[in-house]
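Examination of the molecular architecture
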Amino acid sequence: MGILGRVGKESSDQPGTTVVASGTKIVGDLQLNDDFHLDGRMSGKVNSSLNVSVGKGGEFDGAIQAKKVVISGCVDGTIDAERLEIVSGGRVIGEIFVTELVIEPGGHFSGTSHIKNTDDAEPRRLSHQTATANGDNPNTSDDSLATQSASEQTAPQLT
C-alpha cells in the first residue's frame, strides 16, 4: 500500500505546467492559468496567463495568446504575446502580435508581424524653457511653442 499525497497539502499557489506528450493529438480550446508545453499535435486556441512552449516535435495550428511563447517545433496561425522566441529549428507561419521578437539562427518566420506598443500614451516632448516675467521665452521660438501641447505651455502668473 502506498501513500499518494499528504493530507492538508492538496492545493498549491504555485502554477504548474500542462504538458501534451508526443503522440497525443488535441482538437479544441484551452484556457490556462499556468504554463503549457506541447510535444504532440494540437488544433485550436490556447490562452495562458503565463508561458506557452512548443517542443521540437510539437505542431500547433490555431491561435496562441500568452505572456511568453517559445517555439522549437512548428506553429501555423496567430500568436499574441509579450515575447516570442523562435529557437533554432522552430518554425512560425502566420501573424504575430508581440512586444519583443527573438529569432535565433536556424529559426524561421514567415508571415506578418505587428509590434505592440508598450505605452499607449503619446511620447512626451521634453523641452528646456525658462519663462521670463513678461512672458517672453528666450529659449524657444514661436514655431517650437506651436508644436507643444497645451499642457506643456505655461503662462506667466500676473499679480
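Predicted model, so just to flag it, every value in this text is computed and none were measured. Numbering of residues starts from 1 in each chain and follows the order in which that chain's sequence is written. The predicted origin of the model limits local features to residues at a pLDDT of at least 70 and limits the giving and counting of side-chain atom pairs to 80 or more, whereas totals for whole chains, interfaces and linings rest on all residues. Note: side-chain values were computed over all heavy atoms of the structure, leaving out hydrogens and water.

This part takes up the overall build of the protein chain. Tallying secondary structure elements over the protein chain gives 1 helix and 9 strands in all. Think of it this way: any DSSP run of H or I at least four residues long counts as a helix, any run of E at least two long counts as a strand, and we number them from the N terminus. Ordered by position from the N terminus, the helices and strands of the protein chain form the series β-β-β-β-β-β-β-β-β-α. Relative to its full complement of 159 residues, the protein chain shows a buried share of 24%. A separation of at least 24 residues holds for 3% of the contacts in the protein chain among residues at least 6 apart in sequence. For the accessible areas, the method is Shrake-Rupley and the probe is 1.4 Å, while residue cover comes only from the protein chains on display. When the accessible surface of the protein chain is totalled, it reaches about 11100 Å², and 48% of it is carbon and sulfur. The cut-offs for exposure are 20% and 50% of the maximum accessible area for each residue type, with area from a 1.4 Å probe on protein chains only; residues under the lower value are buried, those over the upper are exposed, and the others partly exposed. We call two residues contacting when some pair of their heavy atoms lies within 4.5 Å.

Tracing the backbone shows Glu85 in strand S7 (residues 74–86). Among the residues examined, Glu85 registers a relative accessible area of 15% and is labelled buried. If we skip the residues at most four places from it in the chain, Glu85 touches Lys68, Val69, Val70, Ile71 and Val102.

What follows concerns the pattern of salt bridges. What makes a salt bridge here is a side-chain nitrogen of Lys or Arg within 4 Å of a carboxyl oxygen of Asp or Glu, nothing more. According to the stated counting rule, one finds 5 salt bridges in the structure shown. With its nearest N and O atoms 2.7 Å apart, the salt bridge here joins Glu85 to Arg83. Judged by relative accessible area, which is 26%, Arg83 ranks as partly exposed.

This paragraph deals with the environment of Ala63. Mapped onto the elements, Ala63 comes out in strand S6 (residues 59–71). Ala63 sits 13 residues away from Asp76 along the chain, and the two C-alpha atoms are 8.4 Å apart. Non-local contacts of Ala63, meaning those with residues more than four positions away in its chain, are made with Gly44, Lys45, Val46 and Thr78.

Let's shift gears to the nonpolar core. The tendency in soluble globular proteins is for nonpolar side chains to be buried side by side. Within the largest apolar cluster, 21 residues are counted, with the highest numbers of intra-cluster contacts made by Phe36, Val69, Val75, Ile79 and Leu84. Secondary structure elements with two or more residues in this core: strand S3 (35–38), strand S4 (41–48), strand S5 (51–54), S6, S7 and strand S8 (91–103). Not counting residues up to four positions away in its chain, the partners in contact with Leu84 are Val69, Ile71, Ile79, Ile96, Val98, Glu100, Leu101 and Val102. Residues belong to a common nonpolar core when they are buried Ala, Val, Leu, Ile, Met, Phe, Trp, Tyr or Cys residues joined through side-chain atoms within 4.5 Å.

Bringing a nonpolar patch on the surface into the picture now. For patch building, the residue pool is restricted to those with more than 30% relative accessible area and no salt bridge; the joining distance is 9 Å between like charges and 5 Å between nonpolar side chains (Val, Leu, Ile, Met, Phe, Trp, Tyr). Together, Leu101, Ile103 and Ile115 line one region of the surface with nonpolar side chains, adding up to about 260 Å² of accessible area. Note on placement: Leu101 falls in strand S8.

In this section: the confidence of the model for the protein chain. What pLDDT expresses is the predictor's confidence in each residue, scored from 0 to 100. Per-residue confidence for the protein chain averages 79 on the pLDDT scale, and 65% of its residues sit at or above 70. A low-confidence stretch, residues 1–9 stays under pLDDT 50, and its non-local contacts, those more than four residues away or across chains, total 0 contacts. Residue range residues 137–156 is modelled with pLDDT below 50. Its contacts to residues more than four positions away, or to other chains, number 20 contacts.

What follows deals with the pairing of S5. At least two bridges found by DSSP between two strands are what make those strands a pair. Examined bridge by bridge, S3 and S5 share 3 bridges and lie parallel to one another. Its bridge partner being in S5, Phe36 is matched across the sheet by Val52. The pairing of S5 with S6 spans 4 bridges and is parallel. Looking across to S6, one finds that Asn51 is bridged to Lys68.

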